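Remarks on the overall topology
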Amino acid sequence: MAAPLRKRFPSGMVLLLTSVVTRVGVLLLLCGIAWNTIYINFKVAHNNARLVELSAGSTTRFFYERAEAFFGLFGDPLLIAQSSGGMTWSIRLMGVPFTDPIAALTVLSRGHGLELGFALGLLVPLLLALLFGRVFCSYICPASLLFFTIGRLRRACRRFLLLPEITLNRGVAWGLLLGGLGATWLFGQGLWALLLPYLAVGHTLFQGLAFGVLSAGIGAILVFALLDMVFGSQFTCRNLCPTGRLLGAIGSRPLVRLHRHAPACPSRCNSCATICPMGVNPRADETRDCSLCGECLVVCPVNCLHVGVKSR
Amino acid sequence: MKRRNFILSLLAGAAAPLGLALLGRLPERWRLHRVLRPPGARPEEEFADLCIGCGQCASVCPNTCIRMLNFERGLDDLATPVIQPRAKACILCMACTQVCPTGALRKLPATQEGMLAVRMGTAVVSEDLCYSFSGRTCGSCYHACPLPGKAMTVGLYEQPKVNSDYCVGCGLCEQACVQMPQAIRVMPRGYQRSSGNGGAS
């Protein structure tokens with residue numbers, strides 16, 4: 001039974017590698033959007049490769065010319081360059097908007113309606129959550145790449161160090177979501193840039209690369225990284241992140257999910273539940289909060305787990 | 001018991017951001033006061049409600065004059081856009097107004113009518129500092145003004161006079177001023193002089 005399953009469905013290693021590749025891609029995209037700002041500035045101020053070289057050096061000229069050639073493929077380089085912007089919070093890629101559900105909740109909580117483009121930007125994130133569950137957390141979130149790396153380091157250290165794995169009650173993340181909405185309603189939205197790890201990463205990258213300014217978000221990233229190192233691998237993702245908790249609740253019964261072939265599953269093995277960075281127990285056939293990261297598929301000794309379309 | 005744990009953790013979780021937001025509120029006199037929002041920005045209260053700090057305005061600004069705030073105004077305004085005209089002034093290209101996803105910046109066309117609809121602030125001339133008011137001829141601010149003759153007129157020795165009905169507050173005059181410190185400053189609309197450090201930024 002195990003052999004045909006492995007042929008039909010992606011194996012755990014494939015999922016893990018895909019998740020790393022897509023997250024690195026998102027990270028590079030955020031860097032690209034920050035550099036795009038510099039390109040737009042050079043395009044409008046100089047509009048000439050030689051002038052760019054004279055004012056900023058030959059390396060900048062190289063990137064300027066490549067960017068010009070790339071954007072030129074689609075039309076007027078300046079318009080194309082200006083059609084992308086923002087960060088994981090609210091982003092436009094070639095004019096297509098994507099909106100974080102929490103950003104929408106923030107605007108609503110302050111008593112304003114949503115602009116059409118802003119509301120339409122919610123479609124893709126919500127559909128992703130409904131169809132695949134919490135995949136944002138292990139395939140898109142640029143902060144979770146950092147936490148994933150820290151988790152791997154912890155796993156390597158566990159041979160000679162006793163490290164805790166603390167899982168808090170789900171209420172904490174819900175409380176952070178409600179408290180964050182309350183704080184933005186009372187004072188201002190600035191808090192989210194510190195409370196949401198991916199937003200802190202976005203602000204740090206954007207301000208650092210486009211303006212050479214150290215963003216306040218770096219402090220939040222350091223705190224989250226420290227929590228991850230001390231209290232558990234992917235502690236922030238599992239216990240604190242309000243977005244993850246919200247997406248996990250939206251996608252608690254996703255179309256594509258983890259399946260367990262119960263007859264093959266040995267009764268005394270608990271490796272999948274131990275390794276799960278999101279605190280899901282596949283042995284109890286839990287699907288809520290599963291981000292399809294593939295960790296459990298790798299460790300399962302009998303290959304009784306697979307990811308596939310909901311059968312019933 | 002399970003429900004009680006959940007509610008207790010919920011309260012603990014909610015206390016953290018509320019406490020952080022309270023701690024992050026800078027006293028009024030420590031805040032950066034002279035804050036110019038990008039063109040097309042709604043009045044400050046409404047702007048603060050709508051702006052989510054996504055940075056799209058800053059990333060399309062061809063003049064890179066829009067910066068994101070850090071803690072200059074406390075946690076409340078973290079990551080909101082700001083223009084500091086002495087460093088780099090707004091060229092009124094209106095690219096930022098086209099991309100704002102939440103409508104914190106109203107969409108304005110890049111025409112003279114669009115320009116005149118901008119209400120960022122008003123330029124204020126300090127005659128003590130101005131070169132032209134001390135017997136020399138300068139006129140840098142007048143030549144930098146995108147609405148010459150309307151927002152700014154010059155008299156004898158090119159002494160500038162700002163017409164606050166037309167001045168949009170782009171800050172190009174402040175950027176161009178040859179004096180150090182600048183003799184012309186843009187004051188945001190609704191700026192109260194009593195509440196702060198006299199507009200130093």
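Residues numbered from 1 in each chain as written. Chains lettered and ligands numbered in written order. Predicted model: local features only at pLDDT ≥ 70, side-chain atom pairs only at ≥ 80, totals over all residues.

Taken together, the contacts link 52 residues of chain A with 45 residues of chain B. Among the elements that line the side of chain A that touches chain B, the one with the most residues is helix 11 (residues 171-186) of chain A, at 12 residues. Classifying every residue of the side of chain A that touches chain B gives 25 nonpolar, 23 polar and 4 charged. (Contact = placed C-beta atoms within 7 Å. Helix = DSSP H or I, 4+ residues; strand = E, 2+ residues; numbered from the N terminus. Nonpolar A, V, L, I, M, F, W, Y, C, P; charged D, E, K, R; others polar.)

Turning our attention to the pairing of strand 6 (residues 184-188) of chain B. Residues and elements named next belong to chain B. Burial analysis of strand 6 places 4 of its 5 residues in the buried class, the great majority of the element. Summarising the sheet, strand 3 (residues 121-125) and strand 6 pair through 5 bridges and their orientation is antiparallel. Counterpart to threonine 122 in the pairing with strand 6 is methionine 187. (Buried ≥ 20, exposed ≤ 12 C-beta atoms within 10 Å, placed from the backbone. Pairing = 2+ DSSP bridges.)

Attention now moves to the environment of isoleucine 7 of chain B. Residue and element names in this part refer to chain B. Counting through the fold element by element, isoleucine 7 comes out in helix 1 (residues 2-23). A count of 13 C-beta atoms within 10 Å places isoleucine 7 in the partly exposed class. Between the C-alpha atoms of isoleucine 7 and proline 101, which are 94 residues apart in sequence, the distance is 35 Å.

Every α-helical turn comprises 3.6 residues, leaving residues that sit three or four positions apart pointing alike. With 34 residues, helix 2 (residues 12-45) of chain A extends 49 Å from end C-alpha to end C-alpha; this agrees with the ideal 50 Å at 1.5 Å per step. Directly beyond the C-terminal end of helix 2 of chain A, a positive phi value near 55° is found at asparagine 47 of chain A. (Expected span 1.5 Å × (residues − 1).)

This part is about the nonpolar core. Ala193 and Ala200 of chain A together with Cys57, Cys61, Cys96 and Cys173 of chain B are the most contacted members of the largest nonpolar core, which totals 126 residues. The element that contributes the greatest number of residues to this core is helix 2 of chain A, accounting for 8 residues. Excluding residues that lie within four positions of it along the chain, alanine 193 of chain A makes contacts with Leu199, Ala200, His203, Ala216 and Gly217 of chain A together with Gly53, Leu78 and Ala79 of chain B. (Core = buried A, V, L, I, M, F, W, Y, C linked by C-beta atoms within 7 Å.)

Residue and element names in this part refer to chain B. The omega torsion across methionine 180 and proline 181 is 0°, close enough to zero to call that bond cis. Locating proline 181 in the fold gives a position in the loop between helix 7 (172-176) and strand 6. A positive phi angle, near 60°, is found at leucine 92, a position not held by glycine. Structurally, leucine 92 can be placed in the loop between strand 2 (81-83) and helix 4 (95-99). With 23 C-beta atoms packed within 10 Å, leucine 92 lands in the buried category. In this structure, methionine 94 is a non-glycine residue whose phi angle is positive, near 65°. Assignment of secondary structure puts methionine 94 in the loop between strand 2 and helix 4.

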